[in-house]
Amino acid sequence: PGVRGDVERADPGAAAVRCVQDVTEMATTSDTSVLEQLRPGIRGWLLFFILWLGVLSPVFWIGFNIVIMRRMEQMNPDDAVLMRAMNWDVLLWVVTLIREAMHIAAALMLYFRRNSTSVWFAIAILWLAGPFLILGTWAAVQGELNVAGLVRSALIAFVWTLYLFLSRRVKATYKFRVTA
């Protein structure tokens, strides 16, 4: 009487059972999505990292060097002549091409070789071609230390290293584990 066929109002126990069933379905759905995230494969941030490492970074830095060299020739032709006379332009291009070849090699290893060695190689390249290259250049020529470039490259290397250490996708795809 007065319930109008609403089972949940007539029996509060049924409402509680339905609530538990809904929560269980939601938990099962979220468990499934977590399992899907753990499947091996190159997707999401891992895909972005590989593209950044193997395509975006090399295109950017090679293009950047082309622009810098042209601007220097336009704005400071005497410096451009001095740079060519001392073969600094050749050194700049050799270092840039080696650095970007290392990035591409790391990206190709991550894409094609699905083992933990690929991840360790990528981490080594992040640090060698970033902050250690800046420090090595500074030590070799004993010039000014590029502090902004050093901080930027160390921050980039640190963030990507942290991602590679903590990512469940990386662990699933490369069977990568960091043990203490």
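Residues numbered from 1 in each chain as written. Predicted model: local features only at pLDDT ≥ 70, side-chain atom pairs only at ≥ 80, totals over all residues. Heavy atoms only, no water.

## Examining the overall build of the chain
Part 1: Helix and strand counts for the chain stand at 9 helices and 0 strands.
Part 2: Starting at the N terminus and walking to the C terminus, you meet the elements of the chain as α-α-α-α-α-α-α-α-α.
Part 3: For the chain, buried positions account for 28% of its 180 residues.
Part 4: Counted over contacts in the chain with a minimum sequence separation of 6, partners at least 24 positions apart contribute 65%.
Part 5: Surface summary for the chain: the accessible area is close to 12,200 Å², and the carbon and sulfur share equals 68%. (Helix = DSSP H or I, 4+ residues; strand = E, 2+ residues; numbered from the N terminus. Buried < 20%, exposed > 50% of the residue type's maximum accessible area, 1.4 Å probe, protein only. Contact = heavy atoms within 4.5 Å. Areas by Shrake-Rupley, 256 points an atom, 1.4 Å probe, with all protein chains shown as cover.)

## Points about the packing of helix α3 (residues 44-75) against helix α5 (residues 88-112)
Part 1: Viewed as axis vectors pointing N to C, α3 and α5 meet at an angle of 170°, and their least axial separation amounts to 8 Å. What the angle tells us is that α3 and α5 run roughly antiparallel. For the element pair α3 and α5, the recorded crossing hand is left-handed. (Axes fitted to C-alpha atoms, helices over the stretch in contact; angles between N-to-C directions. Parallel < 35°, antiparallel > 145°, perpendicular 65-115°, else oblique. Left-handed = near helix turned anticlockwise from the far one by under 90°.)

## Digging into helix α8 (residues 147-166)
Given 3.6 residues per turn, any residue in an α-helix points the same way as the ones three and four places further on.
Part 1: Counted at 1.5 Å a residue, the expected span for α8 with its 20 residues is 28 Å, and the 28 Å between its end C-alpha atoms agrees.
Part 2: Summarising the contacts, the buried residues of α8 are in contact with α3, α6 (116-128), α7 (131-141) and α9 (168-174). (Expected span 1.5 Å × (residues − 1).)

## Here we look at the nonpolar core
Part 1: Among the nonpolar cores identified, the biggest contains 22 residues, and Phe 49, Leu 53 and Tyr 174 are the most heavily contacted of them.
Part 2: At the level of elements, α3, α5, α6, α8 and α9 are the ones that each hand at least two residues to this core.
Part 3: Discounting residues that sit within four places of it in the chain, Phe 49 has contacts with Leu 110, Ala 122, Leu 126, Trp 160 and Leu 164. (Core = buried A, V, L, I, M, F, W, Y, C linked by side-chain atoms within 4.5 Å.)

## Focus: the side chain of Asp 89
Part 1: Mapped onto the elements, Asp 89 comes out in helix α5.
Part 2: Here Asp 89 sits buried without a salt bridge, and the closest side chain of opposite charge, Arg 84, lies 5.2 Å off (N-O distance).
Part 3: Not counting residues within four places of it along the chain, the set of residues in contact with Asp 89 comprises Met 69, Met 83 and Arg 84. (Lys, Arg positive; Asp, Glu negative; His and termini not counted. Salt bridge = Lys/Arg side-chain N within 4 Å of Asp/Glu carboxyl O.)

## Focus on unusual backbone geometry
Part 1: At Asn 87, a residue that is not glycine, the phi angle is positive and equals roughly 60°.
Part 2: For Asn 87, the location among the structural elements is in the loop between α4 (77-85) and α5.
Part 3: Despite not being glycine, Lys 175 has its phi angle at roughly 50°, a positive value.
Part 4: Examined against the element boundaries, Lys 175 turns out to sit in the segment after α9.
Part 5: Among the residues examined, Lys 175 registers a relative accessible area of 64% and is labelled exposed.

## Quick notes on the confidence of the model for the chain
Part 1: The predicted model of the chain has a mean per-residue pLDDT of 83, with 79% of residues at 70 or higher.
Part 2: This stretch, residues 26-32, has a pLDDT under 50; its non-local contacts, to residues over four places away or in other chains, come to 0 contacts. (pLDDT = per-residue confidence, 0-100.)

## Topic: the environment of Ile 62
Part 1: By the element assignment, Ile 62 lies in helix α3.
Part 2: Note on Ile 62: relative accessible area 28%, which makes it partly exposed.
Part 3: Sequence separation between Ile 62 and Glu 100 is 38 residues; the distance between their C-alpha atoms is 8.2 Å.
Part 4: Beyond its immediate stretch of four places on either side in the chain, Ile 62 contacts Trp 93, Thr 96, Leu 97 and Glu 100.

## A word on a nonpolar patch on the surface
Part 1: On the surface, a cluster of nonpolar side chains totalling about 670 Å² of accessible area is made up of Trp 45, Leu 47, Phe 48, Leu 51, Val 55, Leu 56 and Val 59.
Part 2: Along the chain, Leu 51 turns up in helix α3. (Patch = residues over 30% accessible without salt bridge, like charges linked within 9 Å, V, L, I, M, F, W, Y side chains within 5 Å.)

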